[in-house]
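Notes for the structure review
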Amino acid sequence: MPEQIHPAERLLNLVIALVHTPGRMTKEQIRRTVAGYGDAPSDESFERMFERDKDTLRDLGIPVATVTSAGHGDDIGYRIDQDAYALPPLELTSAELGALSLAAEFWQDRSVRADTSRALTKLRAVGAGAGSSDLAAGLAPRVRAGGDAFPPLLDAVQARQRVRFTYRAASTGEVRERLVEPWRLVARRGGWFLVGFDVDRDGTRSFRLSRIEGRVRVVGAAGAFDAPTPEQTEAALLSWDVRDERTAVLALRAERAEALRARGEPADLPDGASPALRAAVADRDLVRVSYRATWELAEEVAGYGDAVLVADPPALRDAVLGLLRVAATLDGGGPDAGGPPAGPAAETADTTPARTTPAGDTQEAPRG
Amino acid sequence: MAERASERLLRLLGMIGYLDRNDGVSVEQLAEHFGVTPSQVMADVDTLWMSGTPGYYPHDLIDFDADSYDRGEIRLTESRGMTRPLRLGTREAVTLLAALRAMVADLGPTLDPEQAEVLRSTLAKLTAATGEAAGAVDVRLAVDGRPEVVAQIRRALATGRRLRIRYVNASDVTSDRDVDPLRMTTSDERSYLQAWCLRAGDERLFRLDRVLAAEVLDAPAEPHPGAGRGATAEFRFDLEGDVATLHLRSTGRWVAETVPVEDVRNLPDGSFEVDVRVGQRAFLRSLLLQAADDVLGVRPPEVARDVAVRARAALAAYGPLAGPADAPADPTPAAG
């Protein structure tokens, strides 16, 4: 025995001893017989060492059970039950282990990565050969970091425990406390969201994790609410999962907006197009693209300025025109201002007209 | 040693299990399998060899075949019954399963049938072994790009060849570039080709939905030491660019969340200011046109003017369709 034992070695010897003990081991027996504990210079340092080791093992999924025995008075003994920590029978091929490596690297948060790399170490015990790099060749699926709020929210979802946090609502700019029954953590284009039941507002809400300010605190006991029904979750997620249901016809200036062109296919003007429309899109390439939400495509189209016009549908065109009219006033000039801008150029709040939100788009993907 | 004792303990236990199932494994294989150096493997084996049940007499200890050990091969002869693999913790299982589920659902259809089957079988086995139900975490990956473009990129990656791509950037400027592909990243937001751009002489991230065409060249991709490490590389600051300050309504929070902003200042009325550093004016112009509804102000003034001029040009292009400026177009469109 070396004089100083690596803590991992002490932990290993503790696990082996507590798995093999016929009934239980008392602290005194552990201190006297298990390699590594004899190093403790005092009772207090032994106690600290042992408590810390028990915590470490529990975190790793190896619970140390407490056994009290009537025959031994009040003293407490310990043991580890292998059935309590063992993985059910599982064999993984090297290709499957490769898939798991990709799955582990999927996560960007440091704390989640610690979890997935632990899981991988455990699973390597039942994997054949080193993980195959075949599937991984050049492939890198990723999800953005969920941030500090992610781990406590994940635990709360699993435990069905209420959470309280401070939230900055983008729709109003209001910052306030929310009490939420967390259902599910959802990553979609654009971010991480918590979907759940807002207790104070008595309704289903989604919260963007990046707008949670400060810590997430759990409130009350685990199992405080029923898991949402599949119908409830489906309804809450509907707005995100609607996609590519509609098509628009866009008129592109030659050799511009290649990204839109690449996404679409050649199209014709709708039947009954007005003479004004025909005139506006003359000499332009017509392309049909599919889209999910009017606001989303409207913003993309507006971003191209006069390189892209909307031929159809009118609702999309109105949304684009609305954005352009607002943008046209950014320098203090009106939408029709032809010459140099009049008035101050910086702050334009006073001249900004109200947003014209397309109605009838209630099932659209939210900006979040 | 920087490694935490808990992580090392997991590997020590994992090694016993692995060596119990695989008779005679070279030190190098073990090192590769567990993702550590050969010298770490030797240190781990030495530790295991000295561990066992209290008493620590020879028959109490985990044991290895000494002759094999001298040849650099690890053969376990006594496991002391420690071969059972460890159950996954809830968070460990849930996060791995969520990743696999997203990969099966979104990446699977773009893969060879054989590769897709590997993902499916991994998901099925892990689900069965952990008993974790789907639900807590739900990730969708944004798989974009034209199928023929994706196929060419994947072929270049698999065969280690150079690619010629036609790319249109965020300023709507199209160019042809030769690139050495590093990896294809599919994220929850969009898909990227991470590559060494020979024209730029630097690593670049290309949005797949903006790669108009891709062609595998005969030339092999060259190694670029240090490239591709930034596996999570996202939009980078353009340090050459000018800083513009945008004053946005609260509903414009997405701007701060999707473009590289240098500073965000929340104001008492719920609005906020962001400083954006953008090299290409066209990109900023496009951003401001998109965010017009949420923009309360822009500095410097010439940026605002530039955007407004573009917007007026676009309105003019619509001609009579744009309608009178002070009467918004029909706000109740047909139901979509």
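Because the structure is predicted, anything quoted here is derived from the model rather than measured.

Parameters at a glance
Residues numbered from 1 in each chain as written. Chains lettered and ligands numbered in written order. Predicted model: local features only at pLDDT ≥ 70, side-chain atom pairs only at ≥ 80, totals over all residues. Helix = DSSP H or I, 4+ residues; strand = E, 2+ residues; numbered from the N terminus. Rg over C-alpha atoms; globule rule 2.2 N^0.38 Å. Buried ≥ 20, exposed ≤ 12 C-beta atoms within 10 Å, placed from the backbone. Contact = placed C-beta atoms within 7 Å. Pairing = 2+ DSSP bridges. Nonpolar A, V, L, I, M, F, W, Y, C, P; charged D, E, K, R; others polar. Core = buried A, V, L, I, M, F, W, Y, C linked by C-beta atoms within 7 Å. pLDDT = per-residue confidence, 0-100. Domains from an automatic or database assignment.

A count of helical and extended segments in chain B gives 10 helices and 14 strands. In terms of overall size, chain B is more extended than a compact globule, its C-alpha atoms giving a radius of gyration of 28 Å where 336 residues would be expected to give roughly 20 Å. With the C-alpha coordinates aligned to their principal axes, the bounding extent of chain B is approximately 95 × 55 × 40 Å. Here chain B holds 336 residues, and the buried ones make up 41% of them. Once local pairs closer than 6 in sequence are excluded, the contacts in chain B between residues at least 24 apart make up 59%.

Glancing now at the pairing of strand E12 (residues 261–266) of chain B. All names here are of chain B. For E12, the buried fraction is low: zero of the six residues fall into the buried class. Strand direction decides the pairing type here: E12 and strand E13 (residues 272–278), joined by five bridges, are antiparallel. Across the sheet, the residue bridging to Val261 is Val276, located in E13. Taking the residues between adjacent antiparallel strands as the criterion, E12 and E13 are bridged by five residues, where Gly270 takes a positive phi near 95 degrees.

Listed by partner, the interface residues are 122 residues for chain B and 128 residues for chain A. Of the residues forming the side of chain B that touches chain A, the biggest block, 13 residues, is contributed by helix H10 (residues 301–318) of chain B. Taken together, the residues of the side of chain B that touches chain A break down into 62 nonpolar, 33 polar and 27 charged. Bridge count for strand E6 (residues 175–188) of chain A against strand E5 (residues 137–139) of chain B is three bridges, and the pairing is parallel. In the strand pairing of E5(B), Ala187(A) is matched with Val139(B).

With that out of the way, let us pick up the sheet that holds strand E3 (residues 76–79) of chain A. All names here are of chain A. The sheet built from three strands is open, its strands ordered E1-E3-E2 with antiparallel pairing. Of all strands in the sheet, those with a lone pairing partner are strand E1 (25–26) and strand E2 (65–68), marking the two edges. As paired strands, E2 and E3 are joined by four bridges and run antiparallel to one another. Across the sheet, the residue bridging to Thr68 is Ile76, located in E3.

Before going further, it helps to examine the nonpolar core. Nonpolar side chains tend to gather and get buried jointly when the protein is soluble and globular. If you look at the biggest cluster of nonpolar residues, it comprises 99 residues, and the most contacted ones within it are Ala103(A), Leu153(A), Leu185(A), Leu96(B) and Leu100(B). The element contributing the most residues to this core is helix H5 (residues 90–107) of chain B, with 11 residues. Setting aside residues no more than four positions away along its own chain, Leu96(B) makes contact with Leu100(A), Ala103(A), Ala104(A), Thr116(A), Ala119(A) and Leu126(B). In this structure, Ala248(A), Val249(A), Ile153(B) and Val309(B) belong to the second largest nonpolar core, which totals 85 residues.

We now examine the confidence of the model for chain A. Here chain A shows a mean pLDDT of 83. Residues at 70 or above account for 84%. Scored below 50 in pLDDT, residues 337–368 of chain A makes 71 contacts in the model with residues more than four places away or belonging to other chains.

Let us look at the domain arrangement of chain B. In terms of domain boundaries, chain B breaks down into domain 1 (9–78), domain 2 (90–130), domain 3 (147–220) and domain 4 (242–318). The C-alpha centroid of domain 3 of chain B is placed 44 Å from the C-alpha centroid of domain 1 of chain B.

Turning our attention to the confidence of the model for chain B. Any region with low pLDDT has predicted coordinates that should not be read closely. Residue and element names in this part refer to chain B. Per-residue confidence for chain B gives a mean pLDDT of 86; residues scoring 70 or more make up 90%. Contacts for the low-pLDDT stretch residues 231–238, under 50 throughout, to residues beyond four places or in other chains number 11 contacts. Note that pLDDT drops below 50 for residues 325–336; the model gives that stretch 26 contacts with residues more than four away or on any other chain. Quick note on the complex model: pTM equals 0.79, ipTM equals 0.80.

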